[in-house]
There are 2 protein chains.
Amino acid sequence: MPTLADIGEDKLIRKLMRGVKLDRDVIAGAGDDCAVVRSTKNEHTLLKTDALVQDVHFTLETPPKLIGRKAIARVVSDFAAMGGTPRHAMITLVAPPSMDVEFLTEIYRGMRNLAKQYGINIVGGETSRGLVLMLSISMTGTVPSKRWLSRSEGKAGDILLVTGRLGGSIKGRHLKFEPRLEQGRWLSENAHPHAIMDISDGLAKDLPRLALASGTHYEINVAAVPCNRGCTFDQAWGDGEDYELLLAVNPRIVKSLLPKWREAFPKLPLTVIGRLVPPGQGCPPYAVNSGWDHFALSADA
Amino acid sequence: MPTLADIGEDKLIRKLMRGVKLDRDVIAGAGDDCAVVRSTKNEHTLLKTDALVQDVHFTLETPPKLIGRKAIARVVSDFAAMGGTPRHAMITLVAPPSMDVEFLTEIYRGMRNLAKQYGINIVGGETSRGLVLMLSISMTGTVPSKRWLSRSEGKAGDILLVTGRLGGSIKGRHLKFEPRLEQGRWLSENAHPHAIMDISDGLAKDLPRLALASGTHYEINVAAVPCNRGCTFDQAWGDGEDYELLLAVNPRIVKSLLPKWREAFPKLPLTVIGRLVPPGQGCPPYAVNSGWDHFALSADA
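A.B. asks: Break down the sheet that holds strand E5 (residues 121-129) of chain A for me, with residues and values.
C.D. replies: Residues and elements named next belong to chain A. Pairing is mixed in the open sheet, where six strands are placed in the order E1-E2-E3-E6-E4-E5. Of all the strands in the sheet, just strand E1 (26-28) and E5 have a single pairing partner and so form its edges. Geometrically, the sheet is characterised by an average inter-axis angle of 20° between neighbouring strands, direction not taken into account. Sheet analysis places strand E2 (residues 35-38) next to strand E3 (residues 43-53), joined by four bridges and oriented antiparallel. Residue pairing for E3: Arg38 is matched across the bridge by His44. Each of strand E4 (85-95), E5 and strand E6 (134-144) touches helix H3 (residues 101-117); the most contacted strand, E4, lies at about 175° to it.

In structure tokens:
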């Protein structure tokens, strides 16, 4: 019988979601950074859930306040990729009974601080006993109905760009990154990206996902990929947990977009790294063996 | 340093939620069955999250379809206790890489089937590696803004009632119960309960919670508590996982309510089990040592 390690994360999700039928008020379901549900005339509701697991996403040596910070920041990053605004959060905590209460209190302090910074209300949660510490965050928010962004409307010819620099996040940035919320909204207003997503599992994994969702292939200019100091292209390509934005935009707007961006965000680069191409050209969006797969890396299998 | 086992679940939640500030659009936050957020003029949004953990809520011997069924049913039960309607669900799955994919597929089949029965859309989710299997479900829904129910508006003199029969759910009912969704909505229209909640951790734990939230004490008529066949009062009191509704209603309406209920739900009893009384009388709503506490029962501490 095949195990999770055999089939990997993306195949698992496709398999589990097979046969899920959605009502007409669901505009986007599983497969994008957030689900999108029709709400009022001018606004859609965004929904997202995410989990942090001890010894996978953090260890008990990680400063607890940063664990909490990361738990919230990761989800905010998904709202950034939709051009949306997070509003309400719920927290599920699974922990062993032997766990030090002060450690948990510090985790929650980290969550509360970042939630406050982004105007997010922590409205509820759930606790349960478990073998190891696990945090699951679910969040709801809004996006103007005319401006929500997906990862699936990229077109052959679109230019690929990334915000910031990639690679080496394990040295600490994975705990301290600033989600690109303001940038996501700015891009939705100023660049109208055909496709956009946040880079959580690494460009190696997430760029093919964007291309696959858009029904295109892609080309990448290896020399152009902006690497963090001390990082090689391989690290920028495969490390993951960058939480930068990857987007595909109409080639005609790139020239005017870049100076506008520099004016709005002088300290954060926005870099052209490649383009989407028709199926048959460039790289096919599958059979990529780097980037992070939650199940394929199976030390504990 | 105190551990979770030392302070227990309710104290932990109060401690973690200290300092959480909520915007004015949040009508009810942590502490009720669902959070309540202002949405449109006529409707509020309900938000709920819940987790099922291997070897706590189920084992790998449990039929996987029933694990999935229970994961959804537990959350639906919380919407029942608000007089609301669940609409959209997100699923977080944590599993070891060695896990059989077919086992997971069956869990999702159980979830999909129950979701379909209650008109719930599964709109997204998240997967991660972990030591044991864990499911976290978050759900959003709606309630008419004039008719949402809480557990905190009970008044001294209110009559306490429960739906169905209690105790012995571990024999199988904890996997197969029907959430009282229709009954919750019916009660919100016909009984206008001052306080209502679902009995998930056992009457021993949940009745004091309702009284505490309402600022009252309570009296219970032990002989009147409806026990499942083969169960003692102690089991009905302490077992938990009944997923029946516990409610406090104005004493003046009880006489007319009971026949109306029998007509609407001829197969499901609605039973008077006691009343709320002023502080100083009856039982104080704390220092209760039965019922289920996720952390105090610490075999693995």
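A.B. asks: An account of the relation of the copies chain B and chain A is needed here, citing residue identities and associated values.
C.D. replies: For the pair chain B and chain A, the best superposition has an RMSD of 0.0 Å and corresponds to a rotation of 180° with a translation of 0.0 Å parallel to the axis. Taken together, the rotation and translation relating the two chain copies correspond to the operation of a two-fold axis.

A.B. asks: Help me get a handle on the side chain of Asp33 of chain B, residues and values and all.
C.D. replies: Residues and elements named next belong to chain B. Relative to the helices and strands, Asp33 resides in the loop between strand E1 (26-28) and strand E2 (35-38). Within the structure, Asp33 has its side chain in polar contact with the side chain of Arg151 (distance 3.3 Å). The contacts of Asp33, once residues within four sequence positions are left out, are Lys48, Asp78, Ala81, Met82, Arg151, Ile196, Met197 and Asp198.

A.B. asks: Report on unusual backbone geometry, specifying residues and quantitative values.
C.D. replies: One non-glycine residue, Glu241 of chain A, adopts positive backbone phi at about 60°. Take Glu241 of chain A: it is sitting in the loop between helix H7 (233-238) and strand E10 (245-249). You can call Glu241 of chain A buried: its relative accessible area is 18%. For Asp55 of chain B, which is not glycine, the phi torsion reads 70° and is therefore positive. In this structure, Asp55 of chain B sits in the loop between strand E3 (43-53) and helix H2 (64-80).

Thresholds applied
- Residues numbered from 1 in each chain as written.
- Chains lettered and ligands numbered in written order.
- Predicted model: local features only at pLDDT ≥ 70, side-chain atom pairs only at ≥ 80, totals over all residues.
- Heavy atoms only, no water.
- Pairing = 2+ DSSP bridges.
- Helix = DSSP H or I, 4+ residues; strand = E, 2+ residues; numbered from the N terminus.
- Axes fitted to C-alpha atoms, helices over the stretch in contact; angles between N-to-C directions.
- Contact = heavy atoms within 4.5 Å.
- Least-squares fit on C-alpha atoms with pLDDT ≥ 70 in both.
- Polar contact = N/O pair within 3.5 Å; in protein donor to acceptor, adjacent residues only side chain to side chain.
- Buried < 20%, exposed > 50% of the residue type's maximum accessible area, 1.4 Å probe, protein only.

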